[in-house]
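# Geometric and topological summary
Residue strings, one per chain:
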Amino acid sequence: MAGRKVIITGVPGVGKSTVVNGALAKLKEEGITYQSLNFGTFMFEVAQKEGYAKDRDEMRKLDKDVQKNLQKLAAKAMSQIPGNVLIDTHASVKTPKGYLAGLPEWVLRELMPDVIVLVETDEDQILLRRISDATRVRDMEGAGGIAEHQQFNRSFGASYAMTTGCTIKIIRNQDFLLERATMDMADVLR
Ligand code: AP5
């Protein structure tokens, strides 16, 4: 059987990596495995080698065409990986010049996902998680800006479903309910 391709998205700090790691640990006990890939890491390897960025949080500030080229290279590399693949990325990236589609047509045609997951929660919870995470250089914006970004991501998701025929699954990752989000994610991956 051909492997499954699942794309996981969510605004920075919503907790997508935390939920994914929990779900993969559960599935491993059942003998279900995925190669877990981070789109940003694939982009950053090239960005760092070419001298465009010194850390991953600088990438969203790069010129749009540079970011698009990095996207293209990352998608091509990831499309070569066989088996069940899970890709941790963004439906859209908030750049200083506006929203950049995270999965434009040329990226989707390489990846052809079965399902795209949107991880969401209330904007005030995301704001607090960003403030508490000292390991990253998070963009500081208010709850209104985060709400707008989540709303845009649903619109991007609809257009991605139109392009590929994939399904869109929304998973809520609320405070104190991480276990529920993890179970929902595991159900999508089974
Ligand atoms: P990436 O590395 O994916 O950055 P990110 O969005 O900041 O992702 P993180 O993994 O850091 O955040 P997360 O939401 O997964 O949260 P976490 O689990 O850490 O991408 C880096 C860069 O690559 C991007 O900025 C962009 O430039 C580029 N890029 C990537 N894809 C691209 C694309 N397609 N096109 C163009 N550019 C692209 O959790 C955060 C915190 O919340 C933690 O402290 C955690 O403990 C806490 N938490 C999680 N869940 C809960 C809960 N239920 N309750 C309470 N706390 C919780």
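Please read these numbers as outputs of a predicted model, since none were measured by experiment.

Turning next to the overall build of the protein chain. Secondary structure assignment for the protein chain yields seven helices and seven strands. Seen in sequence order, the protein chain has helices and strands lined up from the N terminus as β-α-β-α-α-β-β-β-α-β-α-α-β-α. In terms of overall size, the protein chain behaves like a compact globule, its C-alpha atoms giving a radius of gyration of 16 Å where 190 residues would be expected to give roughly 16 Å. When burial is assessed residue by residue, the protein chain has 44% of its 190 residues classed as buried. For the protein chain, long-range pairs separated by at least 24 residues make up 79% of all intrachain contacts whose partners lie at least 6 apart in sequence. Element-wise, carbon and sulfur atoms account for 53% of the exposed surface of the protein chain, whose accessible area totals about 9,900 Å².

Looking now at the nonpolar core. With 26 residues, the main nonpolar core has Phe39, Ile87, Leu103 and Leu111 as its most contacted residues. Breaking this core down by element, the ones donating at least two residues are helix H2 (39-49), helix H3 (64-79), strand E3 (85-88), helix H4 (105-111) and helix H6 (143-164). The greatest single-element share of this core, amounting to five residues, is contributed by H3. If we skip the residues at most four places from it in the chain, Ile87 touches Val6, Ile7, Ile8, Leu37, Phe39, Met78 and Leu111. Listed in part, the 22 residues of the second largest apolar core include Val19, Ala23, Val115 and Ile126.

Looking now at the pairing of strand E1 (residues 5-9). Most of E1 is tucked away: five of the five residues are buried. Going residue by residue along E1, you find Lys5, Ile7 and Thr9 tucked away on one face and Val6 and Ile8 tucked away on the opposite face as well. Taken together, the four bridges between E1 and E3 define a ladder with parallel strand orientation. Residue pairing in the sheet places Ile7 in a bridge with Ile87 of E3. Bridging between E1 and strand E6 (residues 115-120) involves four bridges; their strand directions are parallel. Within E6, the residue paired with Ile8 across the bridge is Val117.

Moving on to the packing of H2 against H3. One way to put it is that H2 packs onto H3 with a least axis distance of 9 Å and a crossing angle of 115°. The element H2 and its partner H3 pack so that their crossing is right-handed. Mapping the contact onto sequence places Phe39, Phe42, Met43, Val46 and Ala47 in H2 and Gln67, Leu70, Gln71, Leu73, Ala74, Ala75, Ala77 and Met78 in H3. Counted by class, the contact of H2 with H3 contains 11 nonpolar, two polar and no charged residues.

Here we come to the site of the ligand. Taken together, 27 residues lie around the ligand, and Ser17, Thr18, His90, Arg136 and Arg138 are the ones closest in. Between a nitrogen atom of the ligand and a side-chain N or O atom of Thr89, the distance comes to 2.8 Å. Calculation on the ligand without its partners gives an accessible area of 1,100 Å², and the protein chains cover 85% of this total. Mapped onto the shell around the ligand, the elements with two or more residues apiece are helix H1 (16-29) and H2.

Enumeration over the complete set of coordinates arrives at 14 salt bridges. Among the salt bridges present, the one from Lys16 reaches Asp88, with a minimum N-O distance of 2.9 Å. Of this pair, Lys16 sits in helix H1 while Asp88 sits in strand E3, and the two are 72 residues apart along the sequence. Exposure remark for Lys16: the relative accessible area of 10% places this residue in the buried category. Residue class for Asp88 comes out buried when judged on its relative accessible area of 7%.

A separate point is H1. Between its first and last C-alpha, H1 extends 21 Å over 14 residues, near the 20 Å set by a 1.5 Å rise per residue. Tucked inside the fold, the buried residues of H1 contact E1, strand E2 (35-38), E3, E6 and helix H7 (178-189).

Criteria and thresholds
Residues numbered from 1 in each chain as written. Predicted model: local features only at pLDDT ≥ 70, side-chain atom pairs only at ≥ 80, totals over all residues. Heavy atoms only, no water. Helix = DSSP H or I, 4+ residues; strand = E, 2+ residues; numbered from the N terminus. Rg over C-alpha atoms; globule rule 2.2 N^0.38 Å. Buried < 20%, exposed > 50% of the residue type's maximum accessible area, 1.4 Å probe, protein only. Contact = heavy atoms within 4.5 Å. Areas by Shrake-Rupley, 256 points an atom, 1.4 Å probe, with all protein chains shown as cover. Core = buried A, V, L, I, M, F, W, Y, C linked by side-chain atoms within 4.5 Å. Pairing = 2+ DSSP bridges. Axes fitted to C-alpha atoms, helices over the stretch in contact; angles between N-to-C directions. Left-handed = near helix turned anticlockwise from the far one by under 90°. Nonpolar A, V, L, I, M, F, W, Y, C, P; charged D, E, K, R; others polar. Near = heavy atom within 4 Å. Polar contact = N/O pair within 3.5 Å; in protein donor to acceptor, adjacent residues only side chain to side chain. Salt bridge = Lys/Arg side-chain N within 4 Å of Asp/Glu carboxyl O. Expected span 1.5 Å × (residues − 1).

Structural measurements only, silent on function.
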